[in-house]
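Remarks on the overall topology
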Amino acid sequence: MIEVRVPDEQEGTKAVVRAWLKQVGDAVAENDPLVELETDKVTQEVPAPVAGVLAEIVLDTDAEAVPGALLARIETATRAKAAHEANPATAPADEAADAAPGPLPSQGHTETRLSPSVRRACLQNGIDPSRIQGTGRNGRVTREDVDRAIASATVVSVGEPATAQPRQFNAHDIPHDRMRLTIAENMAHAVAEQPHVTAVFEADFSAIAAHKAAVADRGVKLSYTAYIVKAAAEAMAVAPAINGRWEEDRIAISPTIDIGVGTALGEKGLVVPVVKDAGKLSLEQIGAKLDDLTRRARDGKLERSEVSGGSFTISNHGVSGSLLAAPIILHQGQAAILGIGKLEKRVVVREIGGQDAILVRSMAYVTLTIDHRVVDGHQTNAWLTRFVEVIESWPAA
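Keep in mind the model is a prediction, meaning the values are calculated, not measured.

1. A closer look at the pattern of salt bridges
Scanning the model with the defined rule gives 15 salt bridges in all. Among the salt bridges present, the one from aspartate 204 reaches arginine 350, with a minimum N-O distance of 3.7 Å. With a gap of 146 residues between them, aspartate 204 in strand S8 (residues 196-204) and arginine 350 in strand S17 (residues 344-352) connect regions that are remote in the sequence. Residue arginine 386 pairs with glutamate 389 through a salt bridge whose shortest N-O separation is 3.4 Å. With a gap of three residues between them, arginine 386 and glutamate 389 both fall in helix H9 (residues 377-392), about one helical turn apart. Under the relative-accessibility criterion, arginine 386 is labelled partly exposed at 28%.

2. Observations concerning H9
Here H9 is 16 residues long and its end C-alpha atoms lie 22 Å apart, about the 22 Å a rise of 1.5 Å per residue gives. Among the residues of H9, Thr380, Trp383, Leu384, Phe387, Val388, Val390 and Ile391 are the ones counted as buried. One side of H9 carries all its buried residues, which in axial view fall inside an arc of 160°. On its buried face, H9 is in contact with S8, helix H6 (206-217), helix H7 (224-235), strand S15 (312-315), strand S16 (336-340) and strand S18 (355-371).

3. Some thoughts on the nonpolar core
In this structure, Ile242, Phe312, Leu338, Trp383 and Phe387 are the most contacted members of the largest nonpolar core, which totals 51 residues. A per-element tally of this core places H7 first, with eight residues. Excluding residues that lie within four positions of it along the chain, isoleucine 242 makes contacts with Met236, Ser311, Phe312, Ala335, Ala336, Leu368, Ile370, Val375 and Trp383. Of all hydrophobic cores here, the second largest spans 18 residues; its members include Leu34, Ala48, Leu54 and Ala72.

4. Some points on the packing of H7 against H9
Following both chains from N to C, one finds H7 and H9 inclined at 135°, their axes separated by 9 Å at the closest point. By the angle between their axes, H7 is oblique relative to H9. H9 is crossed by H7, and the crossing has right-handed handedness. Taken together, the residues of H9 that come into contact with H7 (itself represented by Tyr227, Ile228, Ala231, Ala232, Glu234 and Ala235) are Trp383, Arg386, Phe387, Val390 and Ile391. Taken together, the residues of the contact of H7 with H9 break down into nine nonpolar, no polar and two charged.

Criteria and cut-off values
- Residues numbered from 1 in each chain as written.
- Predicted model: local features only at pLDDT ≥ 70, side-chain atom pairs only at ≥ 80, totals over all residues.
- Heavy atoms only, no water.
- Salt bridge = Lys/Arg side-chain N within 4 Å of Asp/Glu carboxyl O.
- Helix = DSSP H or I, 4+ residues; strand = E, 2+ residues; numbered from the N terminus.
- Buried < 20%, exposed > 50% of the residue type's maximum accessible area, 1.4 Å probe, protein only.
- Expected span 1.5 Å × (residues − 1).
- Arc of directions from axis to C-beta.
- Contact = heavy atoms within 4.5 Å.
- Core = buried A, V, L, I, M, F, W, Y, C linked by side-chain atoms within 4.5 Å.
- Axes fitted to C-alpha atoms, helices over the stretch in contact; angles between N-to-C directions.
- Parallel < 35°, antiparallel > 145°, perpendicular 65-115°, else oblique.
- Left-handed = near helix turned anticlockwise from the far one by under 90°.
- Nonpolar A, V, L, I, M, F, W, Y, C, P; charged D, E, K, R; others polar.

Purely geometric numbers; function is a separate question.
Have a look at this one:
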């Protein structure tokens, strides 16, 4: 028997079994997707490590999947064949059915048991599972069957539901999915555990706007986020603890500057892909890395390692229109999160040649929310001062 286990790389993120893609008794090829695991960040498929037959499922749908936990066992193709040759009478039921024709199972023997995930989805959407054609083993209704019914049917059940429902959902309600539940749990835990304090500065992005336009004329397209990541990495030099985390016996400073960037996924929440070792990357390298991570995040193709290990986070909430926000430090292994408000033209007063002048500049509010156990106001303001300096003094292209 070969054991299939939950991948070790989770960085403390809780995972649950979303859905089994194979059932006990199914033949699997090496690297065939076996099961989907879901966290607040990504959905990940766990492949079969060997070819064979899925002999046992240990963690059922909706079970918590901690790193290293046993998911399933696979009987390898070699062992199954050897056992069959030694004792043909023990051949799998499907093989025996092919070799010796017999009466077909009656329609009444369809599997009617439902997994917790299927039961909850049916209750939340007012669906009668008996009206769904199951595609699982022995006709069992799977979560994918329910999802297809929800997406394709206007009415799946008629009349009163066959099972009692704790509450009624109307057409405008949005049932919780696993990602939303995990985000809620992590948010509540973060606020309860970490004392949050937020400082607000204002930054003039005019120099960056000019640089961005100049390099675009040469065929190099860069987002504002690339400049923000680069400036944040440079600001770490004046307050290294911003790139640290709280430990029971010390403040641990990360040896690398690994910056996560919040990426919205529409109604599905958000993910935070991480630009690893951003302090050693050029502006152009950061821009290319961000483009790749953002595209694959929206396609649902990020690896678990690409959304873990961040030492600092940026929330560019201004892209959706907000002027000012104080994001929560969601990741327990971090001490701060930077918020960037909407970039807009404002009238400002500047001193030019000893005289006050009224100018129109591209401005944005920037916030730094800190874990007050790790850093104090002095380090917070020093970091923001340096960050704004880098933004406002960006050299011409």
